[in-house]
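Examination of the molecular architecture
Residue strings, one per chain:
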Amino acid sequence: QVQLVESGGGLVQAGESLRLACVAPGSIFNSFVMGWYRQAPGKQRELVARITRDSSTNYAASVKGRFTMSRDNAKNTVFLQMDSLKPEDTAVYYCNAEHAILSSIKYWGKGTLVTVSS
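Most peptide bonds take the trans configuration, and most residues that are not glycine carry a negative phi. Here Ser55, not a glycine, exhibits a phi torsion of approximately 70 degrees, which is positive. Position of Ser55 relative to the elements: it lies in the loop between strand S5 (46-51) and strand S6 (57-59). A positive phi angle, near 50 degrees, is found at Asn76, a position not held by glycine.

Attention now moves to the state of the cysteines. One pass over the structure, following the stated rule, counts one disulfide. Disulfide pairing places Cys22 opposite Cys95 at an S-S distance of 2.1 Å. Its S-S torsion of about -80 degrees marks the bond between Cys22 and Cys95 as left-handed, since a negative value means left-handed. Of this pair, Cys22 sits in strand S3 (residues 18-23) while Cys95 is found in strand S9 (residues 91-99), placing the two residues 73 residues apart along the sequence. A residue is classified by how much of its surface remains accessible, and Cys22, at 0% relative accessible area, is buried. Given the relative accessible area of 0%, Cys95 is considered buried.

This brings us to the side chain of Thr77. Summarising the element assignment, Thr77 is placed in strand S8 (residues 77-82). Thr77 gets classed as buried once you look at its relative accessible area, which sits at 7%. Engagement of the side chain of Thr77 in a polar contact is seen with the backbone oxygen of Lys75, the distance being 2.7 Å.

Across a sheet, strands are paired by hydrogen bonds formed along the backbone, either parallel or antiparallel in direction. Spatially, four strands are ordered S1-S3-S8-S7 in an open sheet, and the strand pairing comes out antiparallel. If you trace the sheet from one side to the other, it starts and ends with strand S1 (5-7) and strand S7 (67-72), each paired once. The mean angle between the axes of side-by-side strands here comes to 15 degrees, regardless of whether they run parallel or antiparallel. Sheet topology note: the S7/S8 ladder contains six bridges and is antiparallel. Bridging across to S8, Phe67 finds its partner in Met82.

This part takes up the layout of surface pockets. Where empty space is left can be seen by rolling a probe of water-molecule size over the atoms. In this structure, the largest pocket occupies an estimated 200 Å³ of space. Around the largest pocket, the lining residues are Gln1, Val2, Gln3, Leu4, Val5, Glu6, Tyr107, Trp108, Gly109, Lys110 and Gly111. A breakdown of the residues in the lining of the largest pocket according to their chemical character gives five nonpolar, four polar and two charged.

About the thresholds
- Residues numbered from 1 in each chain as written.
- Predicted model: local features only at pLDDT ≥ 70, side-chain atom pairs only at ≥ 80, totals over all residues.
- Heavy atoms only, no water.
- Helix = DSSP H or I, 4+ residues; strand = E, 2+ residues; numbered from the N terminus.
- Disulfide = S-S within 2.5 Å.
- Buried < 20%, exposed > 50% of the residue type's maximum accessible area, 1.4 Å probe, protein only.
- Polar contact = N/O pair within 3.5 Å; in protein donor to acceptor, adjacent residues only side chain to side chain.
- Pairing = 2+ DSSP bridges.
- Axes fitted to C-alpha atoms, helices over the stretch in contact; angles between N-to-C directions.
- 1 Å grid on protein atoms, 1.4 Å probe; cavity = no way out; pocket = protein on both sides within 12 Å on 5 of 7 lines; lining within 4 Å.
- Points joined across faces, edges and corners; volume = space filled by probe spheres on them.
- Nonpolar A, V, L, I, M, F, W, Y, C, P; charged D, E, K, R; others polar.

Function-wise, these values are silent; they only describe arrangement.
Spelled out as structure tokens, the structure:
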């Protein structure tokens, strides 16, 4: 059973920052593309950011310039630094691992709730 464990969610005010973390097993971390997705109430899950094994990143247009995804290979951990948070960023944030070649092989964390008040 592959476990991705997220942490760092919480309640903040608009304009503040949060940092999410996701720890993955080493076998996953070294072979998979890591990503953060989010799902707001009543909406579909959407991609927020992804990072490859060589630390190339891409972001959703709605978070570009405000969110930064990074990885610490020594700790098998990815981070999502979220700055200038907006109420519309409120969602459950999920960590995702997708095989770099066989994209049908993917794993999800249980999610961490981020709530941004106005």
